[in-house]
Amino acid sequence: MSSSSDKKTKPQHLCIRPLTIYDLEQVNNLEIDGFPIHERCTIEKLKYRLTVCPELCSGLFIREFENKTLYENDELPSSKSTIIKETLIGHIISTKISDLKITDRSMELPKFINTDSYTVDLSIDVNNQIGHVENGSTIGIHSVVINSEYRGLKLGSLLIKDYLQKMNQQFVADRVSLISNEKNCSFYENLGFINNGISDCKFAGETWYDLYFELRHEEDEEDM
């Protein structure tokens, strides 16, 4: 039997912010930690998604600070903190899609993308609706993962709730869709997702379930 000292505790200095292309290495490492090789997102797809729609991708970080004491006019010191490191421990990777649910084409990488130089021409391949579709009304979540060291602390729920709240406020889409294996369906259902049954998507040769969350576009109350 494990002692109480073995229990995991939530890390301090958690921060949730949009991801950028500069987070690519940490995002890729988290995919490797979180998924078997046939299910994880390739680094080419990560480059693409973090380039064309980073505002739809969210990261959960642990921040480390360097404390500095500054003296002004030889008076009492004032303490300020500088962020010296951000360690990614969870992420959500998404694009906008043209369908109401995740499809095989929505998960594909458009052939015209040059991920080595991060060049993207969104005017090409519009009719095929492959990959990110800027005028789509559905946000398709392609990856949700928490670092294995920090699982069991409800950080996945924290990250997804924050994500849904922000998407509600930003008016960028009408719904959020994802696919899940059977064992994780209840996790998403407890967060308000509706289970729409077995998906037509055959990603990685697995059986998936379609789940969606209707965005309500709630506005913050105005300050008095």
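Before reading further, recall that the structure is shown in the block above.
Presented here is a report on the structure given in the accompanying data block. As a convention, each chain's residues are numbered from 1 in the sequence order in which they are written. In keeping with the model being predicted, local features are shown solely for residues with a pLDDT of at least 70 and side-chain atom pairs are shown and tallied solely at 80 or more, while totals for entire chains, interfaces and linings include all residues. As a convention, hydrogens and water are excluded, and side-chain values are obtained from all of the structure's heavy atoms.

So, the overall build of the protein
Convention followed: Going along the chain from the N terminus, every DSSP run of H or I of four or more residues is numbered as a helix, and every run of E of two or more is numbered as a strand. When a residue's accessible area, from a 1.4 Å probe over protein chains only, is under 20% of the maximum for its type it is buried; when over 50% it is exposed; and in between it is partly exposed. Residues are treated as being in contact if the distance between any of their heavy atoms lies within 4.5 Å. Each accessible area is a Shrake-Rupley result for a 1.4 Å probe, and residues are judged covered by the shown protein chains and nothing else.
From N to C terminus, the protein includes 4 helices and 7 strands. Start at the N end of the protein and walk to the C end: the helices and strands fall as β-α-α-β-β-β-α-β-α-β-β. Among the 224 residues that make up the protein, the fraction classed as buried is 41%. A fraction of 75% describes how many contacts in the protein between residues 6 or more apart in sequence connect residues 24 or more apart. As displayed, the protein offers around 13200 Å² of accessible surface, 47% of which is attributable to carbon and sulfur atoms.

Details of the side chain of Arg-175
The condition is simple: Any pair of nitrogen or oxygen atoms within 3.5 Å is treated as a polar contact; in protein, a donor-acceptor pairing is required on top of that, and neighbouring residues in sequence qualify only through side-chain atoms on both sides.
With respect to the helices and strands, the residue Arg-175 is situated in strand β5 (residues 175-180). Classification of Arg-175 as buried rests on a relative accessible area of 14%. A polar side-chain atom of Arg-175 sits 3.2 Å from the main-chain carbonyl oxygen of Leu-100. Other than its neighbours up to four places away in sequence, Arg-175 contacts Leu-100, Ser-137, Thr-138, Ile-139, Tyr-212, Phe-213, Glu-214 and Leu-215.

Describing helix α2 (residues 43-52)
Most of α2 is tucked away, with 7 of its 10 residues classed as buried. Taken together, the buried positions of α2 are Lys-45, Leu-46, Lys-47, Tyr-48, Arg-49, Leu-50 and Val-52.

Topic: the packing of helix α1 (residues 24-34) against α2
The test is simple: Axis angles are defined between N-to-C directions and span 0 to 180 degrees, where every axis is a line fitted to C-alpha atoms and, for a helix, only to the segment in contact. Convention used here: angles under 35 degrees read as roughly parallel, angles over 145 as roughly antiparallel, angles from 65 to 115 as roughly perpendicular, and any remaining angle as oblique. Each crossing gets its handedness from the near helix: less than a right angle anticlockwise from the far helix is left-handed, clockwise is right-handed.
Remark: α1 packs on α2, axes separated minimally by 10 Å, with the N-to-C direction vectors making an angle of 135°. Compared by their axis directions, α1 and α2 come out oblique. Regarding α1 and α2, the two cross each other, and that crossing is right-handed. Contact with α1, carried on its side by Leu-24, Val-27, Asn-28 and Glu-31, involves Ile-43, Leu-46, Lys-47 and Leu-50 of α2 and no other residues of that element.

Remarks on the layout of surface pockets
Our working rule: Every definition here rests on a 1 Å grid over the protein atoms only: cavities are sets of points where a 1.4 Å probe fits but cannot get out, pockets are open sets enclosed by protein on both sides within 12 Å along at least five of seven lines, and lining residues have some atom within 4 Å of a point. Grid points are joined across faces, edges and corners, and a volume is the space filled by probe spheres set on the points. Classification convention: Asp, Glu, Lys, Arg as charged; Ala, Val, Leu, Ile, Met, Phe, Trp, Tyr, Cys, Pro as nonpolar; all other residues, Gly among them, as polar.
There is about 860 Å³ of room inside the largest pocket. In terms of lining, the largest pocket is formed by 36 residues, of which the most central are Phe-35, Val-144, Val-145, Asn-184 and Tyr-188. The element contributing the most residues to the lining of the largest pocket is strand β4 (residues 138-146), with 6 residues. Of the residues that constitute the lining of the largest pocket, the class distribution is 17 nonpolar, 11 polar and 8 charged.

Notes on helix α3 (residues 155-170)
Condition: Multiplying one less than the number of residues by 1.5 Å gives the expected span of a helix.
Over its 16 residues, α3 extends 23 Å from the first C-alpha to the last, a length consistent with the 22 Å expected when each residue adds 1.5 Å. What α3 keeps buried is the set Leu-155, Gly-156, Ser-157, Leu-159, Ile-160, Asp-162, Tyr-163, Leu-164, Met-167 and Asn-168. Once α3 ends, the next one or two residues include Phe-171, with phi positive near 55°.

Thoughts on the pattern of salt bridges
Defined as follows: The rule for a salt bridge is simple: a side-chain nitrogen of Lys or Arg has to be within 4 Å of a carboxyl oxygen of Asp or Glu.
Here the structure, examined in full by the defined rule, presents 8 salt bridges. Between Arg-17 and Glu-86 there is a salt bridge, with its nearest N and O atoms 2.8 Å apart. Of this pair, Arg-17 sits in strand β1 (residues 14-18) while Glu-86 sits in strand β3 (residues 77-97), placing them 69 residues apart in sequence. Residue classification places Arg-17 among the buried positions, given a relative accessible area of 19%. The residue Arg-63 makes a salt bridge to Glu-86 at a minimum N-O spacing of 2.7 Å. Of this pair, Arg-63 sits in strand β2 (residues 58-71) while Glu-86 sits in strand β3; the two residues are 23 residues apart in sequence, bridging distant segments of the chain. Residues joined in a network through salt bridges with shared partners are Arg-17, Asp-23, Arg-63 and Glu-86.

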